Amino acid sequence: MRLEPTSFAEEVTFQRAALLLGLQTPEETSAWADAALAAHPDAPAALIEATLAPRELTALRAALAPAALASEPPRVVHRLVAAVAADVRDGRRTIDDTMHVLTQLRRLVRVPRDLSDTLGDLAGAWMLATAGVRGDLAAERARVAAWLSRFEP
């Protein structure tokens, strides 16, 4: 699934959520803010605050908050899942670690109902397989990987 370019507010919203979920480091978000400010000198004051904020998760999220949307729109949520998928594809995160991120995504971000249901199903089956209660863990990992492969950056 290819994603269309986002608005500036959506990009700020993505950056905040990516920080929260550990998909991006404070250094990466600071670098994005610096580049965005250089490219758009008339950007919101929140971007200036982000470039001056300590390279720390809470400070950056707080600095970006005024320029972010009130909640994550579906396009931002899909970009977050695509970032998770890229981490798996590039070997930066295992499926087991990914399941923790996807669980946090479902808990901390307003995700569309259909995606929430899918994430709940994947997490439930993975947890049961991990605990040895039901299902095969390798099969559940493969199922999660196959589902993530649908998301392109």
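To keep things clear, this report deals only with the structure shown in the data block.

Moving on, we get to the overall build of the chain. A count of helical and extended segments in the chain gives eight helices and zero strands. Listed by position from the N terminus, the elements making up the chain come as α-α-α-α-α-α-α-α. For the chain, the C-alpha radius of gyration of 17 Å lies close to 15 Å, the compact-globule estimate for 153 residues. Principal-axis analysis of the C-alpha atoms places the extent of the chain at approximately 55 × 25 × 25 Å. For the chain, the proportion of contacts with a sequence separation of at least 24, taken over those separated by at least 6, is 66%. Of the roughly 8000 Å² of accessible surface on the chain, a fraction of 55% belongs to carbon and sulfur atoms.

Quick look at helix H5 (residues 74–89) now. Structural remark: α-helix, 3.6 residues per turn; residues separated by three or four positions point the same way. The end-to-end C-alpha separation of H5 is 22 Å, in line with the 22 Å expected for 16 residues at 1.5 Å each. Turning to H5, its buried residues are Val76, Val77, His78, Arg79, Leu80, Val81, Ala82, Val84, Ala85, Ala86 and Asp87. In this fold, the buried residues of H5 make contact with helix H1 (8–21), helix H6 (95–108), helix H7 (113–130) and helix H8 (137–148). Backbone geometry just downstream of H5 places Gly91 in the positive-phi region, at approximately 80 degrees.

In this section: H6. The terminal C-alpha atoms of H6 lie 19 Å apart, and with 14 residues this matches the ideal 20 Å at 1.5 Å per residue to within 8%. In the core, the buried residues of H6 are packed alongside H1, H5, H7 and H8.

To continue, consider the packing of aromatic side chains. Enumeration over the complete set of coordinates arrives at two aromatic pairs. A cation sits over an aromatic face here: Arg79 above Phe14, 3.9 Å from the ring centre.

This next bit is on the pattern of salt bridges. Counted according to the given criterion, the structure contains nine salt bridges. Measuring nitrogen to oxygen at the nearest pair gives 3.5 Å for the salt bridge that ties Asp34 to Arg55. In this pair, Asp34 sits in helix H2 (residues 26–39) while Arg55 sits in the loop between helix H3 (45–52) and helix H4 (57–64), placing the two residues 21 residues apart along the sequence. Given a relative accessible area of 44%, Arg55 falls into the partly exposed group. Taking the shortest distance from any N to any O, the salt bridge between Asp90 and Arg92 comes out at 3.2 Å.

Turning our attention to the environment of Val144. With respect to the helices, strands and loops of the structure, Val144 is situated in helix H8. In this structure Val144 comes out as buried when scored by relative accessible area, which is 0%. For the pair Val144 and Ile95, spaced 49 residues apart in the sequence, the C-alpha separation amounts to 7.3 Å.

Let's shift gears to the side chain of Glu10. Considering the arrangement of structural elements, one finds Glu10 in helix H1. In this structure Glu10 comes out as buried when scored by relative accessible area, which is 11%. Not counting the four nearest positions on each side in its chain, Glu10 is found in contact with Leu69, Pro73, Arg75 and Val76.

Let us look at the nonpolar core. Among the nonpolar cores identified, the biggest contains 28 residues, and Leu80, Met99, Leu102, Leu105, Trp147 and Leu148 are the most heavily contacted of them. Taken together, the elements giving at least two residues each to this core come down to H1, H5, H6, H7 and H8. The element contributing the most residues to this core is H5, with seven residues. Among the nonpolar cores identified, the runner-up in size contains 15 residues, and Ala43, Ala46, Leu47 and Ala67 belong to it.

Attention now goes to the packing of H6 against H8. For the pair H6 and H8, the least separation of the axes is 10 Å and the interaxial angle reads 65 degrees. The way H6 lies across H8 gives a crossing that is left-handed. Every residue of H8 that contacts H6 at Ile95, Asp96, Thr98, Met99 and Leu102 is listed here: Arg141, Val144, Ala145, Trp147 and Leu148. Classifying every residue of the contact of H6 with H8 gives seven nonpolar, one polar and two charged.

Rules of the game
- Residues numbered from 1 in each chain as written.
- Predicted model: local features only at pLDDT ≥ 70, side-chain atom pairs only at ≥ 80, totals over all residues.
- Heavy atoms only, no water.
- Helix = DSSP H or I, 4+ residues; strand = E, 2+ residues; numbered from the N terminus.
- Rg over C-alpha atoms; globule rule 2.2 N^0.38 Å.
- Contact = heavy atoms within 4.5 Å.
- Areas by Shrake-Rupley, 256 points an atom, 1.4 Å probe, with all protein chains shown as cover.
- Expected span 1.5 Å × (residues − 1).
- Buried < 20%, exposed > 50% of the residue type's maximum accessible area, 1.4 Å probe, protein only.
- Phe/Tyr/Trp six-rings, centres within 6.5 Å; stacked < 30°, edge-to-face > 60°.
- Lys NZ or Arg CZ within 6 Å of the ring centre and 35° of its normal.
- Salt bridge = Lys/Arg side-chain N within 4 Å of Asp/Glu carboxyl O.
- Core = buried A, V, L, I, M, F, W, Y, C linked by side-chain atoms within 4.5 Å.
- Axes fitted to C-alpha atoms, helices over the stretch in contact; angles between N-to-C directions.
- Left-handed = near helix turned anticlockwise from the far one by under 90°.
- Nonpolar A, V, L, I, M, F, W, Y, C, P; charged D, E, K, R; others polar.

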